[in-house]
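Descriptive analysis of the structure
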Number of protein chains: 2
Amino acid sequence: MSPGAPFTGLSAFPLTPLADDAVDEPAFVRIVERLATAGVDSITALGSTGSYAYLSREERARVARLAVDHSGGVPVIVGVGALRTSRVLENVRDAEAAGARGLLLAPVSYQPLAPEEVLELFRAVTEHTDLPVIVYDNPGTTGFAFTTGLYARIAELPGIASIKIPGVPEDAAAARTRVREIRDVVPRRVTIGISGDARAATGLNAGCDAWYSVLGGILPQPALRIARAAQAGDAGEAEAASARLAPIWRLFAECGGSLRVVAAIAEDLGLAARDCLPRPLLGLSAPQRSRVAAALRELALGD
Amino acid sequence: MSPGAPFTGLSAFPLTPLADDAVDEPAFVRIVERLATAGVDSITALGSTGSYAYLSREERARVARLAVDHSGGVPVIVGVGALRTSRVLENVRDAEAAGARGLLLAPVSYQPLAPEEVLELFRAVTEHTDLPVIVYDNPGTTGFAFTTGLYARIAELPGIASIKIPGVPEDAAAARTRVREIRDVVPRRVTIGISGDARAATGLNAGCDAWYSVLGGILPQPALRIARAAQAGDAGEAEAASARLAPIWRLFAECGGSLRVVAAIAEDLGLAARDCLPRPLLGLSAPQRSRVAAALRELALGD
C-alpha cells in the first residue's frame, strides 16, 4: 500500500439508508459491496453522508461491522463523532471492535466550541486509540470553523493521519496555494483530503492526497475517473471528468446539499427504499427527483 | 393561574451538573429546590443550560422526573429536542411520564434543516402529545434561523403554546415593534418569551409574556426582581435591575455564552462540583473564574 494509505486516493462515503426508522441493513450492504467491486481506495462508513449523527450507538456499531464485513478487504474508516466526548470514546471502541482501519472525527457541537475544546477532544481520542484519525472539518454541519493554525496544533498529536478540508478556491493557483499553506504546517505523515465534490478535481489537481467523496459513495465509477486522472497527473482530464458531472453539482448546490440528492440517487437506482433519510430530514420534492432522474439518464450513470 | 401559564413570567432554566461524566443528581435536586423556594413561575429542565443535547435518553428521563419531584408544585417544562424525530418522540413520552406540564423543542440540526422539515417536526410532536409545546428558536446552538413567517405557520399547530425568541433589538421602540410583529401573526393563545438574558428587561418591557432565563436558573432572586418590575409595569425599575447585572452580562458576552459562566457560578456557590459541564465543554479559565467570583461579590449575589 502507498504511504499514507488508507488516507489517500478515493474514499467513498456510503449512505446509511433507513427503512421505517431503522437501518436498512441489506440496502447498506449492497451499497458497500458495490463500492468494493468498483475498486475505491477506502470506504468511510458513518460519515455525514452515512447519517452518523442521527444513529444510536448500537446502530453505529452494527453499521461499522457490516461495512468491514462486506468491504472485500478495502480498508474501512468509521465516523465516531458525537456531542459528548465519552460517547465519542464509546464509538471508538466499537469501531476498533468492528475492524476499522481509521477513524473520522468531526467536532460536532451544540454549544459552540472553543478551539481549545476541539484540540482537547482530538487529544482525548488519539490518546485512547491506536487507530489513525482523520480531522473532519465541516463547518456547515458542525458549526465549528477550523483555522489553519488549529490544523497545525491538532496535526501534531500522534495518531492524526489526515485532514478532511471543506474545499479549496475555484482558481487552480489559489487552490494550490491553499493546499501548500496547510501542507507547510502539518507533519509529513498527515495527508490532506478534499471534500465538497464539485471542487474535488480542483483539490486533487492542487495537491490533495485524498478525496473524501459523497458522490463516490453512490456513483463510484465517475468519481474514480476524476481521481485516477488526477493521480496520473492528467489535470485536464480530471477537470473534464468533473465538468461532465455539472448537472449533479448543480443539484447538490440547489437542493440543500449533497445528502438529499445522493439519497434520491440511491432511491432512483433501487439501492434504497423510498424515504431513506432519518426524519426530520425529508427527501427531495417530486420536481427535484425528476431532475435527479433526468441527470442520471443524461449522464448514463444509471448502470 | 393566569392565562398562558405556565408560559408566562419567569421560567428558570437550571443546569444539569455532571460529576465524573454522570448526572450529579444531588446537585441538580439542590438547584431545583432552590428555584422552587425562590418562587419562579416555572422551571424548564433540560434546556440548553440543562445540557439536554449531551445526555442520553435515560439520563434525560431521570432528570425530568427529579425536576418534577423536587419542584414543590412549580410547573416543570422539559426540553425534548434531539437530532432524529423518533428520538424526540421518545423524549416526549418520557417527559409525559415524568409529569411535565409543557415541552420545549428546538430544531436541533446536523444537516442544515429546511423550513418544511422544521414545520413537520413540530407537527409530528404536537400530533403525538397533549402537552403544550414551546417553539425554541436558538440559532446559535441549532444552526437554524426561523423567520417570522415560519413562527406563524408553526404557531397554527394546535398544541403550540409559546415561542422562545432569541432576542429583541436594544432600542425600546424597535423591541416593541419586533414583539408586535410576532404577536400579529400568531394565535392569541401563543405567548412570546424572551431569551438572551442581557435583553430580558427590554423584551419584557416590550411586551414579551415570559422570560426563558438562564440566569434565573442559578440566581433566581435578581432575575425575579427584573421580571416582577416589568410585570408591574415599572419599565424603568426593570431596566435598572438589569443594568445592575452588567458584570454578569459582560461575562456572558466575553466567555463564549452563558452556559460556561453559569456553570462557574454554580461551582463558585458550591451548587455543583468543579468541572460540571459535559466534555468536550471546558469550564472557564482561572482568570475568568476570578472575574465570576468578583462579580458575585460585587453584586452581593453569593447568598
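Residues numbered from 1 in each chain as written. Chains lettered and ligands numbered in written order. Predicted model: local features only at pLDDT ≥ 70, side-chain atom pairs only at ≥ 80, totals over all residues. Heavy atoms only, no water.

1. Quick look at the UniProt feature "binding site: pyruvate" (unreviewed entry) in chain A
Under the feature "binding site: pyruvate" (unreviewed entry), the UniProt entry names Thr49(A). Relative to the helices and strands, Thr49(A) resides in the loop between strand S4 (42-45) and helix H2 (57-69). (UniProt positions renumbered as here; feature names shortened; annotations may be inferred. Helix = DSSP H or I, 4+ residues; strand = E, 2+ residues; numbered from the N terminus.)

2. A closer look at the relation of the copies chain B and chain A
When chain B is brought onto chain A, the operation consists of a screw motion whose angular component is 180 degrees and whose axial shift is 0.0 Å, with 0.0 Å RMSD remaining. Taken together, the rotation angle and the small translation identify this as a two-fold axis. For chain B, the minimum C-alpha distance to the rotation axis belongs to Gly143(B) and amounts to 3.6 Å. Of all interface residues in chain B, 100% are interface residues in chain A too; the two copies therefore contact each other through one and the same surface. (Least-squares fit on C-alpha atoms with pLDDT ≥ 70 in both. Contact = heavy atoms within 4.5 Å.)

3. Topic: the UniProt feature "active site" (unreviewed entry) in chain A
This chain's UniProt record puts "active site" (unreviewed entry) on Tyr136(A) and Lys164(A). Spatially, the listed residues are clustered: although they cover 29 residues, their C-alpha atoms lie within 5.0 Å of one another. Residue placement: Tyr136(A) occurs in strand S7 (residues 133-136). For Tyr136(A), the residues in contact, after removing those within four places along its chain, are Ser48(A), Leu104(A), Leu105(A), Ala106(A), Pro107(A), Phe122(A), Phe146(A), Lys164(A) and Tyr110(B). Within the secondary structure, Lys164(A) is located in strand S8 (residues 160-165). A relative accessible area of 5% means that Lys164(A) is categorised as buried. When residues no more than four places from it in sequence are discounted, the contact partners of Lys164(A) are Phe13(A), Leu104(A), Ile134(A), Val135(A), Tyr136(A), Asp137(A), Gly193(A), Ser195(A) and Tyr212(A). (Buried < 20%, exposed > 50% of the residue type's maximum accessible area, 1.4 Å probe, protein only.)

4. Let's talk about the interface of chain B and chain A
The partner chain A presents 36 residues to the 36 residues of chain B that form the contact. Across the chain B to chain A interface the summed buried area is about 3100 Å²; carbon plus sulfur atoms make up 52%. At the boundary of chain B with chain A, the tally comes to 8 salt bridges. A salt bridge links Glu59(A) to Arg87(B), with the shortest nitrogen-to-oxygen separation between them at 3.3 Å. In this structure, the connection of chain B to chain A is made through 26 residue pairs in polar contact (both at pLDDT 80 or more). Of all the secondary-structure elements, those providing two or more residues to the side of chain B that touches chain A are helix H3 (85-98), helix H4 (115-128), helix H5 (139-142) and helix H12 (258-268) of chain B. It is H4(B) that contributes the most residues to the side of chain B that touches chain A, 4 residues altogether. Residues belonging to the side of chain B that touches chain A are distributed by class as follows: 19 nonpolar, 8 polar and 9 charged. (Buried area = accessible area lost by both parts, 1.4 Å probe. Salt bridge = Lys/Arg side-chain N within 4 Å of Asp/Glu carboxyl O. Polar contact = N/O pair within 3.5 Å; in protein donor to acceptor, adjacent residues only side chain to side chain. Nonpolar A, V, L, I, M, F, W, Y, C, P; charged D, E, K, R; others polar.)

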